[in-house]
Amino acid sequence: MVRMSAEERRESVIRAAMHEFARGGYYGTSTEAIAKRVGVSQPYLFRLFPNKQAIFLAAAARCQEDTRRVFEEASEGLHGEEALHAMANAYMGLINEDPDRLLLQMQVYVTVAAAEVAGDHEFGETVRAGWMKLWDAVHLPLGADVGETTTFLACGMLVNTLVAMGFPPEHRVWEGFYPSARTLGRLEK
């Protein structure tokens with residue numbers, strides 16, 4: 001049996017954390033659950049990451065990076081309306097393929113809000129910095145138009161909300177979206 005390197009183990013922890021935090025949130029997820037999913041002990045988990053917050057931030061960063069990469073790859077060589085539809089379709093594919101990514105995004109936003117209320121502003125700054133990279137990945141292909149970028153991301157947030165709440169694709173709430181958005185199904189639980 002081949003042993004995993006610390007970096008491979010770290011990657012396994014991030015993937016497991018993405019799933020666990022997506023389902024249980026920051027406060028409802030134990031490091032024990034993450035360690036168990038990976039098949040390591042909690043002490044080993046803390047050799048890879050200094051604390052639970054670091055694990056959560058790594059999972060949040062990965063989620064943001066994956067979404068940004070999907071937008072960049074989908075819009076490569078495209079501009080304006082073509083880029084918009086390519087990014088939207090790619091995002092729909094991403095959240096249909098792995099609903100945990102959508103749920104983790106939502107958990108991250110709630111956790112940032114809770115951290116801010118508790119006086120932890122560094123946590124939010126870290127997440128906001130990643131989100132700004134996401135903003136830029138959308139902003140440039142849309143012609144650096146603030147209005148278009150805002151509308152695109154606002155519609156994406158509405159899609160996130162509707163999918164997370166389980167609105168079926170035939171429901172009237174989807175009527176205002178372009179056709180590819182209407183094909184979204186329920187998140188698999």
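Broken down by element type, the protein carries 9 helices and 0 strands. Along the protein, helices (α) and strands (β) appear in the sequence α-α-α-α-α-α-α-α-α when read from the amino end. Taken over the C-alpha atoms alone, the protein extends approximately 50 × 40 × 35 Å along its principal axes. The 189 residues of the protein split such that 44% are buried. Of all intrachain contacts in the protein linking residues separated by at least 6 positions in sequence, the fraction that spans at least 24 positions is 59%. Entry remark: accessible area of the protein is about 10200 Å², with carbon and sulfur atoms responsible for 55%.

With that settled, consider helix H1 (residues 6-28). For H1, spanning 23 residues, the distance from its first C-alpha to its last is only 26 Å, which falls clearly below the expected 33 Å at 1.5 Å a residue. Most pronounced at Ala22, the bend in H1 amounts to some 80 degrees. Of all the residues in H1, the buried ones are Arg9, Ser12, Val13, Ile14, Ala16, Ala17, Met18, Glu20, Phe21, Ala22, Gly25 and Tyr26. Tucked into the core, H1 has its buried residues touching helix H2 (31-38), helix H3 (42-48), helix H4 (52-75) and helix H6 (99-117).

Scanning all chains against the criterion turns up 11 salt bridges. Residue Arg37 is joined to Glu20 by a salt bridge in which the shortest nitrogen-to-oxygen separation is 2.7 Å. Residue Arg37 is found in helix H2, and its partner Glu20 is found in helix H1; the two are separated by 17 residues along the sequence. Among the charged side chains, a network of salt bridges with common partners joins Asp66, Arg69, Glu73, Asp98 and Arg101.

The next subject is unusual backbone geometry. Non-glycine residue Ala144 carries a positive phi angle of around 55 degrees. Along the chain, Ala144 falls in the loop between helix H7 (121-139) and helix H8 (146-164). With relative accessibility at 43%, the residue Ala144 sits in the partly exposed group.

The grouping of Glu81, Glu82, Asp145 and Glu148 at the surface amounts to a negative patch. Within the secondary structure, Asp145 sits in the loop between H7 and H8. We classify Asp145 as partly exposed; its relative accessible area is 35%.

Turning our eyes to something else, we now look at the packing of aromatic side chains. Under the definition given, this model contains 9 aromatic pairs. Considering the side-chain rings of Tyr26 and Tyr27, the 5.0 Å spacing of their centres and the 90 degrees angle between planes classify their relative orientation as edge-to-face. A relative accessible area of 14% places Tyr26 in the buried class. Consider the rings of Trp131 and Trp135, whose centres lie 6.4 Å apart with planes at 35 degrees: the pair is tilted.

The rules behind the values
Residues numbered from 1 in each chain as written. Predicted model: local features only at pLDDT ≥ 70, side-chain atom pairs only at ≥ 80, totals over all residues. Heavy atoms only, no water. Helix = DSSP H or I, 4+ residues; strand = E, 2+ residues; numbered from the N terminus. Buried < 20%, exposed > 50% of the residue type's maximum accessible area, 1.4 Å probe, protein only. Contact = heavy atoms within 4.5 Å. Areas by Shrake-Rupley, 256 points an atom, 1.4 Å probe, with all protein chains shown as cover. Expected span 1.5 Å × (residues − 1). Bend = angle between axes of the 7 residues up to and from the residue. Salt bridge = Lys/Arg side-chain N within 4 Å of Asp/Glu carboxyl O. Patch = residues over 30% accessible without salt bridge, like charges linked within 9 Å, V, L, I, M, F, W, Y side chains within 5 Å. Lys, Arg positive; Asp, Glu negative; His and termini not counted. Charge placed at Lys NZ, Arg CZ, Asp CG, Glu CD. Phe/Tyr/Trp six-rings, centres within 6.5 Å; stacked < 30°, edge-to-face > 60°.

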